[in-house]
Amino acid sequence: MSLNINNLHVKLEDEDKQILKGVTLEVPAGEVHAIMGPNGSGKSTLSYVLSGRDGYEVTEGSATLDGADLLAMEPEERAAAGLFLAFQYPVEIPGVGNMTFLRTALNAQRKARGEEELSSGDFLKLVREKAKTLKIDAEMLKRPVNVGFSGGEKKRNEILQMAMLEPRMCILDETDSGLDVDAMRLVADGVNALRSPERSFLVITHYQRLLDHIRPDVVHIMSNGRIIKTGGPELAIEVEQNGYGDLLAEVG
Ligand code: ADP
Ligand code: MG
Ligand code: MG
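The rules behind these values
Residue positions are given per chain, counted from 1 along the sequence in the order it is written. Note on labels: chains are lettered from A, ligands numbered from 1, in written order. Per-residue local features of the predicted model are confined to residues with pLDDT of at least 70, and side-chain atom pairs are confined, for both listing and counting, to 80 or more; whole-chain, interface and lining totals are unaffected and use all residues. Residue proximity rests on one test: whether the C-beta atom, placed from the backbone, lies within 6 Å of the molecule or strand. Only DSSP runs of H or I covering at least 4 residues are called helices, and only runs of E covering at least 2 are called strands; the numbering of each starts at the N terminus. Only when DSSP finds a minimum of two bridges between them are two strands counted as paired. Two residues qualify as being in contact provided that their C-beta atoms, derived from the backbone, are within 7 Å of each other. The convention used is that axes are lines fitted to C-alpha atoms, helices contributing only their stretch in contact, and that angles between N-to-C directions extend from 0 to 180 degrees. Each angle receives one of four descriptions, namely roughly parallel if under 35 degrees, roughly antiparallel if over 145, roughly perpendicular if within 65 to 115, and oblique otherwise.

Once that is clear, we can look at the site of ligand 1. Neighbouring ligand 1 are Leu12, Ile19, Gly37, Asn39, Gly40, Ser41, Gly42, Lys43, Ser44, Thr45 and Gly55. The dominant element in the shell around ligand 1, judged by the number of residues it contributes, is helix H1 (residues 43-51), at 3 residues.

Now for the sheet that holds strand E1 (residues 3-12). If you trace the 4 strands from one edge of the open sheet to the other, you get E2-E1-E4-E5, paired in antiparallel fashion. Two strands bound the open sheet, and with one partner strand each, they are strand E2 (18-27) and strand E5 (68-69). Note that strand E4 (residues 56-65) and E5 share 2 bridges and pair antiparallel. Considered in E5, the bridge of Thr64 is made with Asp69. Lying on the sheet, H1 is in contact with E1, E2 and E4; it crosses E4 at an angle near 70°.

Pairing analysis gives 5 bridges linking strand E11 (residues 218-223) to strand E12 (residues 226-231), with the strands arranged antiparallel. Residue pairing in the sheet places Met222 in a bridge with Ile227 of E12. Connecting E11 to the next strand, E12, in antiparallel fashion are 2 residues, including Asn224 with a positive phi near 50°.

Right, let's get into the packing of helix H6 (residues 151-165) against helix H7 (residues 181-194). Between two packed helices, both the angle of their axes relative to each other and the distance between the axes serve to describe the pair. The interhelical angle for the contact between H6 and H7, taken along N-to-C directions, is 10°, at an axis separation of 8 Å. If you check the angle between H6 and H7, you find them roughly parallel. Contacts from Gly151, Gly152, Lys155, Arg156, Ile159, Met162 and Ala163 of H6 reach H7 at Asp182, Ala183, Leu186, Val187, Gly190 and Leu194.

Structurally, Gln109 can be placed in helix H3 (residues 98-112). Once the C-alpha coordinates of Gln109 and Leu165 are considered, the two residues, 56 residues apart in sequence, prove to be 7.9 Å apart.

Here 6 strands make up an open sheet; going across it, the order is E6-E9-E10-E3-E11-E12 and the pairing mixed. Taken across any chain shown, the strands that pair with only one partner, and hence form the sheet edges, are strand E6 (83-86) and E12. Ignoring which end each strand starts from, the neighbouring axes of this sheet average 20° apart. Across 4 bridges, the pairing between E6 and strand E9 (residues 169-174) is parallel. Note on E9: the bridge partner recorded for Phe84 is Cys170. Set on the sheet, H1 makes contact with strand E3 (32-36), E6, E9, strand E10 (200-205) and E11; between it and E9 the angle comes to about 145°.

Purely geometric stuff here, so don't read any function into it on its own.
The structure is reproduced here in structure tokens:
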């Protein structure tokens, strides 16, 4: 599935603050793109706007999924269309078992697509199969969603959610702070296991380390609400070595 973002301008709904100032980028089907950039450049805002979160106003530009107007869709419609967003701070849902959560999410998606709900037997079979492939302990499936999970377990869970929903466009917004090397490895292995010619990824990250394990096809650098440079994986290495200073100086 391809994602096309064209000249996207976004401001805060309640404040006169422009955050995205003309983001243009294209992720073709089957490719993995990374967005890097200094803190405060608007990376998370971009992922929130694509997911349909409240509080932002699109003032100009467009975003389409395989040509369909993403910004006109309700959040559930975006998920049904194949969009998945994994966030920096996974929500804890006390009292709701992980299995129940996964089943509800999956069935909501099926319903929005006009498909029948999975029977509990079929669901169990599917979740066990996915957990096994991703080497996820079945015990984690019984616990309340993310409650008391370690950083690594939350990441595993995120990847499991992604595997269950079989999205075609995955957006991951990762602050690497708080993610140890093992957790980062989990995310990278999960993404790599789910890579396919139909599925695309937009991986947002602060540091190059994550990209050591996920070899992105394309790297975009974002600063002050715009993509200021696009290149190959070598761009991430350049940033790791030299910081953003030179790139920012180039655009003035
Ligand atoms: P990044 O993810 O690249 O660090 P963000 O998208 O989180 O950047 O933030 C971009 C800018 O927008 C920052 O200056 C941030 O303070 C501001 N911003 C984002 N959301 C809000 C909000 N809800 N209220 C006030 N400022 C916000
Ligand atoms: Mg930030
Ligand atoms: Mg962020």
